[in-house]
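The primary structure of each chain is shown beneath.
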Amino acid sequence: MTTKYAALLRGINVGGARKVPMADLRALLEGLGHDAVRTHLQSGQAVFASGHGDEESLAAELTRAIEERFGFAVDVIVRDHAYLQAVAEACPFPAAELEARQLHVTYFSAPVDEERFEAIDGPAFRPEEFRLGDRALYLYAPDGLGRSKLAESLARPRVNKGLIATTRNWNTVVKLVELTTP
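Residues numbered from 1 in each chain as written. Predicted model: local features only at pLDDT ≥ 70, side-chain atom pairs only at ≥ 80, totals over all residues. Heavy atoms only, no water.

(A) Summary view of the overall build of the chain. Of regular secondary structure, the chain possesses 6 helices and 8 strands. Beginning at the N terminus, the succession of helices and strands in the chain can be written as β-α-β-β-α-β-α-β-β-β-α-α-β-α. Relative to the compact-globule value of 16 Å for 182 residues, the chain shows a C-alpha radius of gyration of 16 Å, a close match. When its C-alpha atoms are laid out on the principal axes, the chain stretches across 50 × 35 × 30 Å. Within the chain, residue pairs in contact and separated by at least 24 positions form 69% of the contacts whose partners lie at least 6 positions apart. When the accessible surface of the chain is summed, it comes to about 9,200 Å², and 48% of that surface belongs to carbon and sulfur atoms. Once the 21 positive and 25 negative side-chain charges of the chain are each reduced to a mean point, those two points are 6 Å apart. (Helix = DSSP H or I, 4+ residues; strand = E, 2+ residues; numbered from the N terminus. Rg over C-alpha atoms; globule rule 2.2 N^0.38 Å. Contact = heavy atoms within 4.5 Å. Areas by Shrake-Rupley, 256 points an atom, 1.4 Å probe, with all protein chains shown as cover. Lys, Arg positive; Asp, Glu negative; His and termini not counted. Charge placed at Lys NZ, Arg CZ, Asp CG, Glu CD.)

Laid out in structure tokens, this is it:
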């Protein structure tokens, strides 16, 4: 039995650095024995079907393969369709009423608790807001991620210490659910 997954690569193809051509990424995933491989955009999303492994072992396998093939390390999070759909359905903000640039999800490599974020004074950033989910953080940034002061605070190394964290806008969140549908 195969499961459909999305691989979320952190920090590739940004500003001309850490180039990973999507055709090469597809070939790499196929070479690892995965099926139905597709990529989405140039910013590090791939979907595939696999009958072996779990999210963590698949992420570790892809991380090693990328470093061997491209010569640099890339953080990778792999999540299955059920998880991606649950994250989209659990959104605490009115996604249908917002522009995609206003709503983002940060996916984490492990569960996070509120203690990790207690030093962030949420009300000081209003109207921006964030809420925690299952290995995810939802961010409402009405002026977009690039202008978000709250996003800057949430991305600080002391907040994300020990985690892989990678953020996607709402259009990508929805598209990954669609692309991983069995």
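(B) Structural view of the sheet that holds strand β3 (residues 45-50). Across the sheet, 4 strands lie side by side as β2-β3-β1-β4; this open sheet has antiparallel pairing. Of all strands in the sheet, those bounded by a partner on one side alone are β2 (35-40) and β4 (76-80). Each adjacent strand pair in this sheet contributes to an overall mean axis angle of 20°, direction not counted. In this sheet, β3 lies alongside β2 in antiparallel orientation, the contact comprising 4 bridges. Residue pairing across strands places threonine 39 opposite alanine 46, the latter belonging to β3. The strands that helix α2 (residues 55-70) touches are β1 (3-9), β3 and β4; relative to β4, the one it contacts most, it runs at about 145°. (Pairing = 2+ DSSP bridges. Axes fitted to C-alpha atoms, helices over the stretch in contact; angles between N-to-C directions.)

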